[in-house]
Amino acid sequence: MKIGIGSDINGYELKDMLKNYIETQGFDVVDYGVKADGKTDYPKIAESVANDIINDKLDRGILICGTGIGMAISANKVKGIRAAQTHDVYSAERAQLSNNAQIITIGSLIVGPELAKKIVDTYLNNTFTLDDRGKSSAKKIEQIIAMESGE
């Protein structure tokens, strides 16, 4: 699985730690920045990761800013993207199992490194399926997609 990861300057240290951690778990990771100079604003990073997911260059994304809110808002502006802010293991699980979210966001000023690892593990090791529970979720996801299309 190919994972895109990006952050703003507030999330830089957590991003680098998570990038290394995810690679040790056997995933292919693409770093979208921000670099240590912090010169790229988070909306552009979120947009780049989201577009590469839409264009099948990535399987999933992880975006980090101070709260996780700005990255989630930015990524969700890209048509077809479902980005979920996660701050605990349960929200990471439901992001995937209930919402088939292609991106999770994490707040580096909210979530510490060890919890961030658990959030990432949970998100990356769960897969949306169309079992009985997934069928109900799929119907809701289809409604979200229709809203986005103006239907």
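For the structure, see preceding data.
Predicted model only: the values in this text are computed from it and were never measured.

**Section: helix H5 (residues 113–124)**
Side chains that are three or four residues apart share a direction in an α-helix, a result of its 3.6 residues per turn.
For step 1, the next point in the chain: Between its first and last C-alpha atoms H5 spans 16 Å; for 12 residues at 1.5 Å apiece the expected length is 16 Å, and the two agree.
For step 2, the next point in the chain: Those residues of H5 not exposed but buried are Ala 116, Lys 117, Ile 119, Val 120, Thr 122, Tyr 123 and Leu 124.

**Focus: helix H1 (residues 12–24)**
For step 1, the next point in the chain: Its 13 residues place the ends of H1 19 Å apart at the C-alpha level, agreeing with the 18 Å of an ideal helix rising 1.5 Å per residue.
For step 2, the next point in the chain: Every buried residue of H1 is accounted for by Leu 14, Lys 15, Leu 18, Tyr 21 and Ile 22. Angular distribution of buried residues about the axis of H1 spans 130 degrees; they occupy a single face of the element. What points out from H1, more than 90 degrees from its buried face, is the exposed set Glu 13 and Thr 24.
For step 3, the next point in the chain: Looking one or two residues past H1, Gly 26 carries a phi angle of roughly 95 degrees, positive in sign.

**A closer look at the sheet that holds strand S4 (residues 83–85)**
For step 1, the next point in the chain: Sheet architecture is open: 5 strands sit in the order S2-S1-S3-S5-S4, paired in parallel fashion. Where the open sheet ends on each side, the last strands, each with one partner, are strand S2 (28–31) and S4. The sheet shows a mean angle of 25 degrees between the axes of neighbouring strands, taken without regard to direction.
For step 2, the next point in the chain: With 4 bridges joining them, strand S1 (residues 2–7) and S2 adopt parallel strand pairing. Bridge pairing links Gly 4 to Val 30 in S2.
For step 3, the next point in the chain: Helix H2 (residues 42–54) contacts S1, strand S3 (60–65) and strand S5 (103–107) of the sheet and is inclined by roughly 170 degrees relative to S3.

**A look at the packing of aromatic side chains**
Each aromatic ring pair is characterised by the separation of its centres together with the angle its planes make.
For step 1, the next point in the chain: Throughout the structure, instances matching the rule amount to 0 aromatic pairs.
For step 2, the next point in the chain: Taking NZ or CZ as reference, Arg 60 lies 4.9 Å from the ring centre of Tyr 123, over its face.

Scoring rules and cut-offs
Residues numbered from 1 in each chain as written. Predicted model: local features only at pLDDT ≥ 70, side-chain atom pairs only at ≥ 80, totals over all residues. Heavy atoms only, no water. Helix = DSSP H or I, 4+ residues; strand = E, 2+ residues; numbered from the N terminus. Expected span 1.5 Å × (residues − 1). Buried < 20%, exposed > 50% of the residue type's maximum accessible area, 1.4 Å probe, protein only. Arc of directions from axis to C-beta. Pairing = 2+ DSSP bridges. Axes fitted to C-alpha atoms, helices over the stretch in contact; angles between N-to-C directions. Contact = heavy atoms within 4.5 Å. Phe/Tyr/Trp six-rings, centres within 6.5 Å; stacked < 30°, edge-to-face > 60°. Lys NZ or Arg CZ within 6 Å of the ring centre and 35° of its normal.

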